[in-house]
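# Understanding the architecture of this molecule
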Amino acid sequence: MGGKSSVFDMIGPIMIGPSSSHTAGVVRIARSAIRVLGGRPDHAEITFYNSFARTYEGHSSDRAIIGGLLDFKTDDPRIKQALDLAKEFGLTYNFKSIGNASVYHPNTIKLSLTKGEQKVEIIGESLGGGLINIAELDGFSANFSAQSHTLIIKAKDESGAIAFISSVIAQEKTNIATMSVSRKGKHDVACHVIEMDSGLNPITITYLKSLPWIKELIYIPEIDL
Amino acid sequence: MSYLFESFKGWKKYCEENGANLYDSVIEYEIVQKGKSEKDIWEGLQKAYTVMKDAVETGLREDMTSRSGMINNGAKKVYNHPVSVLSPEFQRLISRALAAKEVNSCMGRVVAAPTAGASGILPGTLYTLQEIHHLSDRKILEGLLVGAGIALIIEEKASLAGAVGGCQAETGSAAAMAAGAMVYCLDGTIEQVFNAVAITIQCMLGLICDPVAGLVEIPCVVRNASAAAIANSSAQIALADVSAVIPVDECIEAMGEIGSSMESKYKETAMGGLAMTLTGQTIAKRVLIRDIEILPDETLPE
Ligand code: SF4
C-alpha cells in the first residue's frame, strides 16, 4: 500500500452500504465512465464479470452502477432507489453476467454507454476499499485510478507524439504522475492516458485539441468521485 | 514532525516526550502527513459522528429488510422487547449497534469505521456512552481521534480487512477502537486506554470471516452487537487497572500472525464456516444469480 492512511480512512469514508468494493467502487467506475462519455448516457449495457457476476444483485451493485451513471456520489442515499430513478433520467439499461473470465480481475464491470451519437466502452475494476482502476477504454489499455487529474488523448500513432504532449504539460509546471500509451497496430491510433498532480489550464486543452493529429481529447479534472 | 503510528509503545513515548495527549498527536499526524487544517479535521469528525448517530436512529425507525431477506428489522425488535436481560442501557447498546449495521446492509448511509462490515460498533458504543455519561460532542470526537490512532497502528502491524485478516481484523479492530475511545472519554490514562485495546483484541482473536452467500449480513450484523458488548466489558476491566499481561503491541502482532496463517476459505471467500453450512449454501443458491454465462478457461470475452 502506498503512503500513509488518513484519519478519515479509519473513521470513514462515509458511504452507502453494504460494502466499499460493491457499492462505492462500483459508483466510482460509473462516474468515471460518464466523464469519458461526456455526460449521462441514454442507454447502458452493463456486464458483471467473475465474482460480481453472481453477487451483484445481493450486494446491490446493480443499484450502485445505475446510481453512478446518474452521477450520484458514493454517499448519496438516492443510490438505493437508482433503478426506479433511471426512468426519470431517461436512462435505459441491460444487465448481463459472465463468470470465469479469468483474464479479468475478480470484480470487473464492462460498461458500453451511448449518448446520442457518442459511444464509449469502459472496463473497470473495483479493487477494494472503494479504490478503482479503469483498465480499458474503447479497447485500449488505460489503467487509471480516476483519483487525480486525468488526460486521455487519442492521436495518430506518430513518432515524437509522447515527447510533444509531455512537453506541453511540462510548460504548465504540472507534474505527470503516470503516463501510459497503448496502440492498436503500428501507425494507427494510440491512446495516451496521463495522470497529473495538478490541473491543466483550459487554454492548454484547447491548444491540444486544435492539433490536427489529435483525434480526441478527454480531460477529467480531479473530482470527488 | 509528527508521530507515524507504528506501535503503541512508540505512541505513548511520543506523547510523554512531547507533552501531547493521545488525540493531539493524531491531529498533528493528519495535519503534517495529509495537509489538512485543524478546522477541517474537527468538521470532518463532526460530520462522521452525525452520520453515525443518524444511522443508529434510521435503523431503529425505518424498515430495515435486506434484499436477501436475512436482515429483517432485528434492531427494532431488540429495542422494544419487554424483557431486559441485563439493563435497559445494555438493551439499547445492543439494539443501536445492530441498527447502524442493519442500515449498512440495507443500502443506507454509514461511516466505514474502520470498514463497512464493522460500521455498527463505534456508533452503538459511543451513542450509548454519551447518553449514559452526558458527554459533550467534543469529547466523543476526541475519542474518535483516539480510535483512529488505534486503527492506524493495527493497519500498520496487522490488517483491517476481512479478506486479509479474517473478521478479527474488521469487527475486532472496531471493538478495539471503541474500547480505547470509551476509556479515553471516561478520563482513563494512556496506559488504561491501551490496556483496553489489548484486552479487546484478546477477546476477538481468531474470529474468521465467513459471510453467508458472501453478503455482509450473516453473521456480520450480530457480530457488530457482540463486538460492542466486548468493547464495553474490556473498558470496564481496563478502567479498574486489571492488566492484559500481554502488552498491546504483542496482542496486535498475534492478530497479524493469526491472520496470515488463516486459510483463505475463512477470509471473505464464503467458502468456509457459516457460509458452507447446509443452510448457508441453500441461501446462497437462492440469492446468487444463476443466469450466468460461463466462459471456458483463459478465454477473452468477446
Ligand atoms: S464476517 Fe467478514 S464480511 Fe462480515 S463483518 Fe466479519 S469480516 Fe466483515
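Residues numbered from 1 in each chain as written. Chains lettered and ligands numbered in written order. Predicted model: local features only at pLDDT ≥ 70, side-chain atom pairs only at ≥ 80, totals over all residues.

### Comments concerning the overall build of chain A
Counting its regular elements, chain A contains seven helices and eleven strands. Computed over its C-alpha atoms, the radius of gyration of chain A comes to 18 Å, within 12% of the 17 Å expected for a compact globule of 225 residues. By its C-alpha atoms, chain A is 50 × 40 × 35 Å across when sized along the principal axes. Here chain A, with 225 residues, has 44% of them falling under the buried criterion. (Helix = DSSP H or I, 4+ residues; strand = E, 2+ residues; numbered from the N terminus. Rg over C-alpha atoms; globule rule 2.2 N^0.38 Å. Buried ≥ 20, exposed ≤ 12 C-beta atoms within 10 Å, placed from the backbone.)

### Examining the overall build of chain B
Across its full length, chain B carries 13 helices and two strands. Its C-alpha atoms give chain B a radius of gyration of 20 Å, near enough to 19 Å, the size a compact globule of 302 residues would have. Overall, chain B is about 60 × 50 × 40 Å in size when its C-alpha atoms are taken along their principal axes. Taken over 302 residues, chain B has a buried fraction of 54%. In chain B, the share of contacts with a sequence separation of at least 24, taken over all contacts with a separation of at least 6, comes to 77%. (Contact = placed C-beta atoms within 7 Å.)

### A word on the site of the ligand
All names here are of chain B. Not every one of the 14 residues close to the ligand is listed here, only the nearest: Gly 117, Gly 162, Cys 167, Cys 209 and Cys 220. Contributions of two or more residues to the shell around the ligand are made by helix 9 (167-185) and helix 11 (220-239). Ranked by residues supplied to the shell around the ligand, first place goes to helix 9 with three residues. When grouped by side-chain class, the residues that make up the shell around the ligand number seven nonpolar, three polar and four charged. (Near = placed C-beta within 6 Å. Nonpolar A, V, L, I, M, F, W, Y, C, P; charged D, E, K, R; others polar.)

### Considerations on the interface of chain A and chain B
Taken together, the contact pairs 36 residues of chain A with 47 residues of chain B. At the level of elements, helix 1 (7-10), strand 1 (14-16), helix 3 (50-55) and strand 3 (92-99) of chain A are the ones that each hand at least two residues to the side of chain A that touches chain B. Among the residues making up the side of chain A that touches chain B, the classes are represented as 16 nonpolar, 14 polar and six charged. Here three bridges tie strand 1 of chain A to strand 1 (residues 109-111) of chain B, and the two strands are oriented antiparallel to one another. Across the sheet, the residue bridging to Met15(A) is Val110(B), located in strand 1 of chain B. (Pairing = 2+ DSSP bridges.)

### What about the confidence of the model for chain B?
Summarising the model, chain B shows a mean pLDDT of 95, and 98% of its residues fall at 70 or more. Across the whole predicted complex the pTM is 0.88, and at the interface the ipTM reaches 0.94. (pLDDT = per-residue confidence, 0-100.)

### A closer look at the packing of helix 10 (residues 190-204) of chain B against helix 12 (residues 248-261) of chain B
Residue and element names in this part refer to chain B. Running from amino to carboxyl end, helix 10 crosses helix 12 at an angle of 30°, the nearest separation of the two axes being 8 Å. Between helix 10 and helix 12, the crossing angle belongs to the class labelled roughly parallel. The handedness of the crossing between helix 10 and helix 12 comes out as left-handed. Across from Phe 194, Val 197, Ala 198, Ile 201 and Gln 202 in helix 10, the residues of helix 12 making contact are Val 248, Cys 251, Ile 252 and Met 255. Taken together, the residues of the contact of helix 10 with helix 12 sort by class into eight nonpolar, one polar and no charged. (Axes fitted to C-alpha atoms, helices over the stretch in contact; angles between N-to-C directions. Parallel < 35°, antiparallel > 145°, perpendicular 65-115°, else oblique. Left-handed = near helix turned anticlockwise from the far one by under 90°.)

### A short note on the pairing of strand 10 (residues 189-196) of chain A
Residues and elements named next belong to chain A. Among the eight residues of strand 10, seven are classified as buried, and the element is accordingly described as predominantly covered. Two strands pair when backbone bridges link them, and strand 8 (residues 149-156) and strand 10 are joined in this way by eight bridges, in the antiparallel orientation. Within strand 10, the position partnered with Ile 153 by the bridge is His 192. Alignment of strand 9 (residues 176-184) against strand 10, held across eight bridges, turns out to be antiparallel. Residue pairing across strands places Arg 183 opposite Ala 190, the latter belonging to strand 10.

### Focus on the sheet that holds strand 7 (residues 140-144) of chain A
With mixed pairing, the seven strands of this open sheet are ordered in space as 7(A)-6(A)-5(A)-4(A)-2(A)-3(A)-2(B). Looking at which strands have only one partner, the edges of the open sheet turn out to be strand 7 of chain A together with strand 2 (293-294) of chain B. In this sheet, strand 3 of chain A lies alongside strand 2 (residues 43-49) of chain A in parallel orientation, the contact comprising seven bridges. Its bridge partner lying in strand 3 of chain A, His43(A) is registered against Thr92(A). Its contacts with the sheet place helix 2 (residues 20-37) of chain A against strand 4 (107-115), strand 5 (118-128) and strand 6 (131-137) of chain A, and it is angled at close to 155° to strand 5 of chain A.

### As for the pairing of strand 4 of chain A
For a regular strand, side chains alternate in direction, first toward one face of the sheet and then toward the other. Residues and elements named next belong to chain A. Relative to strand 4, strand 2 runs antiparallel, the two being bridged by seven bridges. What sits directly across from Ala 44, in strand 4, is Leu 113. Both strand 4 and strand 5 contribute to a ladder of eight bridges, which runs antiparallel. Bridge assignment links Ser 112 to a residue of strand 5, and that residue is Glu 121.

### Looking at unusual backbone geometry
Of all residues except glycine, most have a negative phi; of all peptide bonds, most are trans. The amide bond that connects Gly12(A) to the next residue, Pro13(A), takes the cis arrangement and shows omega of 5°. Within the secondary structure layout, Pro13(A) lies in the loop between helix 1 and strand 1. That bond from Gly17(A) to Pro18(A) is cis: its omega, 5°, falls within 30 degrees of zero. You can see Pro18(A) is positioned in the loop between strand 1 and helix 2. A positive phi angle, close to 55°, is found at Asn50(A), a residue other than glycine. Looking at the secondary structure, you find Asn50(A) in helix 3. The class for Asn50(A) is buried, based on 20 C-beta atoms found within 10 Å. Of note, the phi angle at Ala270(B) is positive, near 60°, even though the residue is not glycine.

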